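Architecture at a glance
So the chains spell out like this:
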Amino acid sequence: KSAILLVLIIINTSLVMAVPEKNKVIRLLEGRHWELREGPFKRLGEGADQRLREIADNTSLTNYLRFRALIALSLYDNEETGAHLERHARSGDSSFARRGFSSLTRAFSRSEPDRVRKVAEHLMESPEAQLRIAAAREMRKIDPPAYRQFLQRESKAWVREAARE
């Protein structure tokens, strides 16, 4: 019995230790002149994306940390991260939607263009012009006919022009 208990404790400890500490991840998101660098995040090892998703969803944290966590999630192209970024891209909060969509496109445009296309189609109907522009620009790359349809139906000339840039 005690041997089984010891094995369970060791397994449980190793599972907990596989996910980096939240403070280590937050330290990588801080800094006045922050920019995304893949190396430090990859060195955190397995579970870093889980911590980043937790940080992005933590409403008690400052938004700049949450935004940076969403940006860093672009380094992880797994299903959990994809679903998380899709949820943020469809968020009613345009600040989170922009960052979620941007990271979704960086992580999944090549490997899962249909996933990105579905979210872009949704965002091209957004009342937020900046979201429509970002979605149209991405759609131009992955579905040119849908992009051209967007340009034909978009009522604001400045949005059409920005989508063409």
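The structure we're discussing is the one just above.
Criteria and cut-off values
Residues numbered from 1 in each chain as written. Predicted model: local features only at pLDDT ≥ 70, side-chain atom pairs only at ≥ 80, totals over all residues. Heavy atoms only, no water. Helix = DSSP H or I, 4+ residues; strand = E, 2+ residues; numbered from the N terminus. Buried < 20%, exposed > 50% of the residue type's maximum accessible area, 1.4 Å probe, protein only. Contact = heavy atoms within 4.5 Å. Areas by Shrake-Rupley, 256 points an atom, 1.4 Å probe, with all protein chains shown as cover. Core = buried A, V, L, I, M, F, W, Y, C linked by side-chain atoms within 4.5 Å. Polar contact = N/O pair within 3.5 Å; in protein donor to acceptor, adjacent residues only side chain to side chain. Expected span 1.5 Å × (residues − 1). Arc of directions from axis to C-beta. Salt bridge = Lys/Arg side-chain N within 4 Å of Asp/Glu carboxyl O.

1. Overview of the overall build of the protein chain
The secondary structure content of the protein chain amounts to 11 helices and zero strands. Element order for the protein chain, N to C, with α for helix and β for strand: α-α-α-α-α-α-α-α-α-α-α. Residues counted as buried form 44% of the 165 residues belonging to the protein chain. Sequence separation of 24 or more characterises 59% of the internal contacts of the protein chain that already satisfy a separation of 6 or more. Accessible area of the protein chain: about 9800 Å², with a carbon and sulfur share of 51%.

2. A word on the nonpolar core
Core analysis: the largest hydrophobic core is formed by 46 residues, its most contacted members being L29, F41, L52 and F101. When residues of this core are assigned to their parent elements, the largest contribution, seven residues, is made by helix α9 (residues 129-142).

3. Notes on the environment of R99
Within the element layout of this structure, R99 appears in helix α7 (residues 94-108). Given a relative accessible area of 24%, R99 falls into the partly exposed group. Filtering out sequence-adjacent residues up to four positions away, R99 remains in contact with F67 and L70. A distance of 3.0 Å separates a polar side-chain atom of R99 from the backbone oxygen of S95.

4. Some details on the environment of R90
Tracing the backbone through its elements, the reader meets R90 in the loop between α6 (79-89) and α7. Here R90 falls in the partly exposed class, since its relative accessible area comes to 38%. C-alpha of R90 to C-alpha of V119: the two residues are 29 residues apart in sequence and 7.3 Å apart in space. The residues contacting R90, other than those within four sequence positions of it, are K118, V119 and H122.

5. Brief notes about α9
Note that an α-helix has 3.6 residues per turn; residues three or four places apart therefore point the same way. Under the 1.5 Å per step criterion, the end-to-end length of α9 is 20 Å for 14 residues, consistent within 8% with the ideal 20 Å. Taken residue by residue, α9 has A129, L131, R132, I133, A135, A136, E138, M139 and I142 as its buried positions. Contact partners of the buried residues in α9: α7, α8 (113-123), α10 (144-153) and α11 (157-164).

6. Let's talk about the side chain of S109
Secondary-structure assignment places S109 in the loop between α7 and α8. The class for S109 is buried, based on a relative accessible area of 14%. A distance of 2.8 Å separates the side chain of S109 from the backbone oxygen of T105, its partner in a polar contact. At 2.6 Å, the side chain of S109 forms a polar contact with the side chain of E138. Aside from chain neighbours lying at most four places away, what touches S109 is L104, V116 and E138.

7. Observations concerning the side chain of R53
If you trace the backbone, R53 turns up in helix α4 (residues 48-57). Overall, the relative accessible area of 15% leaves R53 in the buried class. For R53, the contacting residues outside a window of four places in its chain are L73, N78, E80, T81 and H84.

8. Regarding helix α2 (residues 22-29)
For α2, the set of buried residues is V25, I26 and L29. With its buried residues spanning 100° around the axis, α2 presents them on a single face. Those residues of α2 hidden inside the fold are in contact with α3 (38-43), α4 and α5 (63-72).

9. Description of the pattern of salt bridges
Scanning the model with the defined rule gives 13 salt bridges in all. The residue R153 makes a salt bridge to E125 at a minimum N-O spacing of 3.0 Å. Remark: E125 occurs in the loop between α8 and α9 and R153 occurs in helix α10; sequence separation between them is 28 residues. A relative accessible area of 55% means that E125 is categorised as exposed. The closest approach of N and O atoms between R137 and E165, which form a salt bridge, is 3.6 Å. Highlighted residues: R137 in helix α9 and E165 in the segment after α11, separated in sequence by 28 residues. The class for E165 is exposed, based on a relative accessible area of 61%. Through salt bridges with shared partners, a single ionic network connects E79, E86, E112 and R115.

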